[in-house]
Amino acid sequence: MAFFIPLIIMAIGLAMWNRIMVWARDQLFPWVAEHIPWMSDTVRLAFTALDKYATAIRGNVKAAWKQLRSYLLEQVIEFEKGLAPNTYVRRMTALMKNQLRGDAPVKRIVVEEDVAWDDLPEKYRQSLLAGDGGGYRMDVTRMRDQELEE
């Protein structure tokens, strides 16, 4: 299961690449052209080179995610208050096929750990501060599928 965490982190970063390029085109390049015009070509070349690598990596991540999704049916992360005061629990649950055969049993993998307040998602922290005592659930597979469709 730990193998998938770097893949997920990389997918998040690469999903943001499109936003970074839009920011560079709309904000950074004009600012550089106005304030340090002698650097304009260098900055554009740097982003062009980065974009070539990021695009290739993004393609590899998409292919790896597609392959992983043939096994990974669902992955969710749930957060809730722990039993002791000011404690919180993160539960990661994955449903995975053991094999590509349609009749293979589905394996449920659950990893639970205590987490600090700072490690809780912002939306969950806000709901706790507002007095909502419930939990918080993130559908990781759905989020990654959407991010990689962009």
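All values reported here derive from a predicted model rather than from experimental measurement.

Trainee: Describe the packing of helix H3 (residues 40–69) against helix H5 (residues 140–149), listing the residues and the values that go with them.
Mentor: Packing of H3 against H5 brings their axes to within 11 Å, and their N-to-C directions diverge by 145°. Seen from above, H3 lies across H5 with left-handed handedness. Across from Arg58, Val61, Lys62, Trp65 and Arg69 in H3, the residues of H5 making contact are Thr141, Arg144, Asp145, Glu147 and Leu148.

Trainee: Can you lay out the sheet that holds strand S4 (residues 136–139) for me, pointing to particular residues and giving the numbers?
Mentor: The strand order S3-S2-S1-S4 describes an open sheet built from four strands, whose pairing is antiparallel. In the strand order of this sheet, the two ends are held by strand S3 (106–115) and S4, each with one partner. With strand direction ignored, the average angle separating the axes of adjacent strands in the sheet is 15°. For strand S2 (residues 88–97) and S3, the ladder comprises ten bridges, and the chain directions are antiparallel. Within S3, the position partnered with Tyr88 by the bridge is Val115.

Trainee: Describe the nonpolar core, with residues and values.
Mentor: One finds Ile77, Phe79, Tyr88, Met92, Val115, Leu120, Tyr124, Leu128, Met138 and Val140 forming the largest nonpolar core, which totals ten residues. Those elements giving two or more residues to this core turn out to be strand S1 (72–81), S2 and helix H4 (122–129). Ignoring anything within four residues of it in the chain, the contact list for Tyr124 reads Phe79, Glu80, Lys81, Tyr88, Gly134, Gly135 and Tyr136. In this structure, Trp17, Val43, Phe47 and Ala54 belong to the second largest nonpolar core, which totals nine residues.

Trainee: Explain H3 residue by residue, including any values.
Mentor: An ideal rise of 1.5 Å per residue puts 44 Å on 30 residues; H3 measures up with 42 Å between its terminal C-alpha atoms. Ser40, Val43, Phe47, Ala54, Arg58, Val61, Trp65 and Leu68 are the residues of H3 that are buried.

Trainee: Can you lay out the pattern of salt bridges for me, pointing to particular residues and giving the numbers?
Mentor: Under the definition given, this model contains eight salt bridges. A salt bridge links Glu78 to Arg137, with the nearest nitrogen and oxygen atoms 3.9 Å apart. With Glu78 in strand S1 and Arg137 in strand S4, this residue pair connects regions lying 59 residues apart in the sequence. Residues Arg91 and Glu112 are paired through a salt bridge, measuring 2.9 Å at the closest nitrogen-oxygen approach. One end of the pair, Arg91, is in strand S2; the other, Glu112, is in strand S3, and 21 residues separate them in sequence. Several salt bridges share partner residues, and in doing so they unite Glu74, Glu78, Glu80, Arg91, Glu112 and Arg137 into one network.

The rules we used
Residues numbered from 1 in each chain as written. Predicted model: local features only at pLDDT ≥ 70, side-chain atom pairs only at ≥ 80, totals over all residues. Heavy atoms only, no water. Axes fitted to C-alpha atoms, helices over the stretch in contact; angles between N-to-C directions. Helix = DSSP H or I, 4+ residues; strand = E, 2+ residues; numbered from the N terminus. Left-handed = near helix turned anticlockwise from the far one by under 90°. Contact = heavy atoms within 4.5 Å. Pairing = 2+ DSSP bridges. Core = buried A, V, L, I, M, F, W, Y, C linked by side-chain atoms within 4.5 Å. Buried < 20%, exposed > 50% of the residue type's maximum accessible area, 1.4 Å probe, protein only. Expected span 1.5 Å × (residues − 1). Salt bridge = Lys/Arg side-chain N within 4 Å of Asp/Glu carboxyl O.

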